[in-house]
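Understanding the architecture of this molecule
Listed below, chain by chain, are the residues.
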Number of protein chains: 2
Amino acid sequence: MTRRDQAIATLRGKGCRLTPQRLIILSTLSEADGHMDVSAVLRRSRKSYPYMDTATVYRTLHLFKSMGVVTEVAMGDRRCFELTDPQGKHHHMVCRVCGGAFDLSPGYLDAFGAKLVGEFGFTPDLDNFTITGVCAACAHPRRGAGRKAT
Amino acid sequence: MTRRDQAIATLRGKGCRLTPQRLIILSTLSEADGHMDVSAVLRRSRKSYPYMDTATVYRTLHLFKSMGVVTEVAMGDRRCFELTDPQGKHHHMVCRVCGGAFDLSPGYLDAFGAKLVGEFGFTPDLDNFTITGVCAACAHPRRGAGRKAT
DNA sequence: CTAAGTGCAAAGATTTTGCCTCCTA
DNA sequence: TAGGAGGCAAAATCTTTGCACTTAG
């Protein structure tokens with residue numbers, strides 16, 4: 001089951017209407033496979049539905065976030081959204097130079113998360129975690145082009 | 001040397017003028033000892049200088065950020081500023097229930113960061129790192145009030 | 001002195017809201 | 001069909017910018 005299908009099931013289960021606009025926004029997020037800001041969601045959604053309205057995108061993303069089907073992540077000084085990974089953990093490293101996103105296997109953060117719980121009683125939201133930084137290609141421009149890996 | 005003094009030295013070294021407004025904004029950030037958003041900086045700065053202008057705050061914070069004397073951090077869905085810690089990193093845990101922010105000593109993420117660099121060549125932005133989750137008070141409401149920590 | 005910085009006001013962005021119409025369930 | 005959702009436009013915010021005046025160095 002794809003994340004998009006999972007999201008649809010969740011929305012249906014919570015009694016939300018599955019309007020064409022909502023499905024388009026889900027598809028948009030799904031195709032991009034990651035972090036898009038509001039204007040990017042709007043722009044891309046309009047490719048399949050030119051009348052998509054700004055207010056609809058805002059309302060929909062807020063709804064999705066409150067339903068847990070999308071996650072809002074801070075990318076530097078920008079707020080982005082992405083479909084929540086139903087498997088649970090799914091981490092990304094996002095390069096702030098080229099914008100590329102790289103998957104990070106679960107496990108890398110486990111020790112860290114366990115420490116926070118143990119020492120502070122603070123339970124971090126590690127299920128959908130994104131960290132920004134600079135990828136190898138952008139850090140060493142001569143060794144490879146800084147192309148986008150989405 | 002306090003962070004504020006450090007900041008002043010840096011600014012002076014880079015040839016920036018030390019206007020009263022800039023000093024007030026530094027003091028404001030310094031007194032609050034932490035993450036304040038633009039409107040909070042403005043509001044508090046006006047206590048010592050009622051004519052402080054919005055544009056000045058924006059311009060000053062941008063300047064300070066570009067000079068490295070303040071760091072912009074994403075606190076949930078809010079962008080905040082704080083004096084850069086000259087010791088280096090200093091992280092936050094933000095409770096998504098009560099909104100409270102807790103400092104996280106450097107070191108907790110070092111092993112994690114080193115792994116990313118070593119295994120993927122990805123250099124994470126740990127200076128600017130905030131993790132959301134649920135704090136002890138909110139996770140165990142009976143044991144303590146969910147009060148706000150800055 | 002004089003270039004940098006501020007204040008003010010206006011322009012631009014971004015995000016939210018009201019209200020009426022439309023459509024999903 | 002009835003209440004939720006979308007469209008549209010206006011409003012509320014948030015942020016940036018132009019320009020004349022002030023001031024730190």
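Values in this document were obtained by computation on a predicted structure and should not be read as measured data.

Contact residues are listed per partner, giving 31 residues for chain A and 30 residues for chain B. Buried area between chain A and chain B, both sides added, is near 2600 Å², and the carbon and sulfur share of it is 65%. In this assembly, chain A and chain B are joined by 0 salt bridges. Counting every contact that joins chain A to chain B gives 6 residue pairs in polar contact (both at pLDDT 80 or more). Only β1 (70–75), β3 (90–95), β4 (101–104), α5 (110–120), β5 (123–124) and β6 (128–134) of chain A provide two or more residues apiece to the side of chain A that touches chain B.

Residues and elements named next belong to chain A. Each assigned domain of chain A is listed here: domain 1 (3–83) and domain 2 (90–139). Taking the mean C-alpha position of each, domain 1 and domain 2 sit 22 Å from one another. Counting from both sides, the interface comprises 9 residues of domain 1 and, opposite them, 8 residues of domain 2. For the pairing of domain 1 and domain 2, the buried interface totals around 610 Å² over both sides, and the portion due to carbon and sulfur atoms is 56%. By the criterion of area lost to domain 2, the three top residues of domain 1 are H35, M75 and E82, representing 53% of everything that side buries. For the pair domain 1 and domain 2, the number of links is 0 salt bridges. For the pair domain 1 and domain 2, the number of links is 0 residue pairs in polar contact (both at pLDDT 80 or more). Only β1 and β2 (78–83) provide two or more residues apiece to the side of domain 1 that touches domain 2. Among the elements that make up the side of domain 1 that touches domain 2, the one with the highest residue count is β1 (4 residues).

In the region of DNA strand D, 16 residues are neighbours, and R17, Q21 and Y49 of chain A together with Y58 and H62 of chain B sit closest. In this structure, a phosphate oxygen belonging to DNA strand D sits 2.9 Å away from a side-chain N or O atom of T56 of chain A. Broken down by element, the residue count for the surface near DNA strand D peaks at 4 residues, all from helix α4 (residues 54–67) of chain B. For the surface near DNA strand D, the class distribution of residues is 6 nonpolar, 4 polar and 6 charged.

With that settled, the discussion passes to the relation of the copies chain A and chain B. Laying chain A over chain B is done by rotating through 178 degrees and shifting 0.8 Å along the axis; what remains is an RMSD of 1.2 Å. Both copies are brought into coincidence by an operation consistent with a two-fold rotation axis. Taking C-alpha positions as reference, the residue of chain A nearest the rotation axis is A74 of chain A, located at 2.7 Å.

What follows is about the sheet that holds strand β6 (residues 130–134) of chain B. Spatially, β5(A)-β6(B)-β3(B)-β4(B) is the arrangement adopted by the 4 strands of the open sheet, whose pairing is mixed. Looking at which strands have only one partner, the edges of the open sheet turn out to be β5 of chain A together with β4 (101–104) of chain B. In terms of strand pairing, β5 of chain A meets β6 of chain B through 2 bridges, oriented antiparallel. Paired with P124 of chain A across the strands is G133 of chain B, a residue of β6 of chain B.

Examined against the element boundaries, D37 of chain B turns out to sit in the loop between α2 (20–32) and α3 (38–48). Within the structure, D37 of chain B has its side chain in polar contact with the backbone nitrogen of A40 of chain B (distance 2.9 Å).

What follows concerns the protein's contact with DNA strand C. Taken together, 17 residues form the shell around DNA strand C, and within it Y58 and H62 of chain A together with Q21, Y49 and T56 of chain B come nearest. Taking all atoms of DNA strand C within 4 Å of the protein, the share assigned to sugar and phosphate is 61%. One nitrogen or oxygen atom from the side chain of R17 of chain B is found 3.0 Å from a base nitrogen belonging to DNA strand C. At a separation of 3.0 Å, a base nitrogen of DNA strand C approaches a polar side-chain atom of R59 of chain B. Counting residues per element, the ones that place at least two in the surface near DNA strand C are α4 (54–67) of chain A together with α2 and α4 of chain B. With 5 residues, the single largest contributor to the surface near DNA strand C is α4 of chain A. Residues of the surface near DNA strand C, tallied by class, amount to 6 nonpolar, 5 polar and 6 charged.

Attention shifts here to the nonpolar core. Core analysis: the biggest nonpolar cluster contains 32 residues, and F112, L116, F129 and I131 of chain A together with F112, F129 and I131 of chain B have the highest contact counts within it. When residues of this core are traced back to their parent elements, those giving at least two are β3, α5, β6 and α6 (136–139) of chain A together with β3 (91–95), α5 (110–120), β6 and α6 (136–139) of chain B. For this core, the element with the highest residue contribution is β6 of chain A, accounting for 3 residues. If near-sequence neighbours (up to four positions away) are discounted, L116 of chain A is found in contact with G121, F122 and P124 of chain A together with M93, L104, Y108 and I131 of chain B.

Criteria and thresholds
- Residues numbered from 1 in each chain as written.
- Chains lettered and ligands numbered in written order.
- Predicted model: local features only at pLDDT ≥ 70, side-chain atom pairs only at ≥ 80, totals over all residues.
- Heavy atoms only, no water.
- Contact = heavy atoms within 4.5 Å.
- Buried area = accessible area lost by both parts, 1.4 Å probe.
- Salt bridge = Lys/Arg side-chain N within 4 Å of Asp/Glu carboxyl O.
- Polar contact = N/O pair within 3.5 Å; in protein donor to acceptor, adjacent residues only side chain to side chain.
- Helix = DSSP H or I, 4+ residues; strand = E, 2+ residues; numbered from the N terminus.
- Domains from an automatic or database assignment.
- Near = heavy atom within 4 Å.
- Nonpolar A, V, L, I, M, F, W, Y, C, P; charged D, E, K, R; others polar.
- Least-squares fit on C-alpha atoms with pLDDT ≥ 70 in both.
- Pairing = 2+ DSSP bridges.
- Core = buried A, V, L, I, M, F, W, Y, C linked by side-chain atoms within 4.5 Å.
- Buried < 20%, exposed > 50% of the residue type's maximum accessible area, 1.4 Å probe, protein only.

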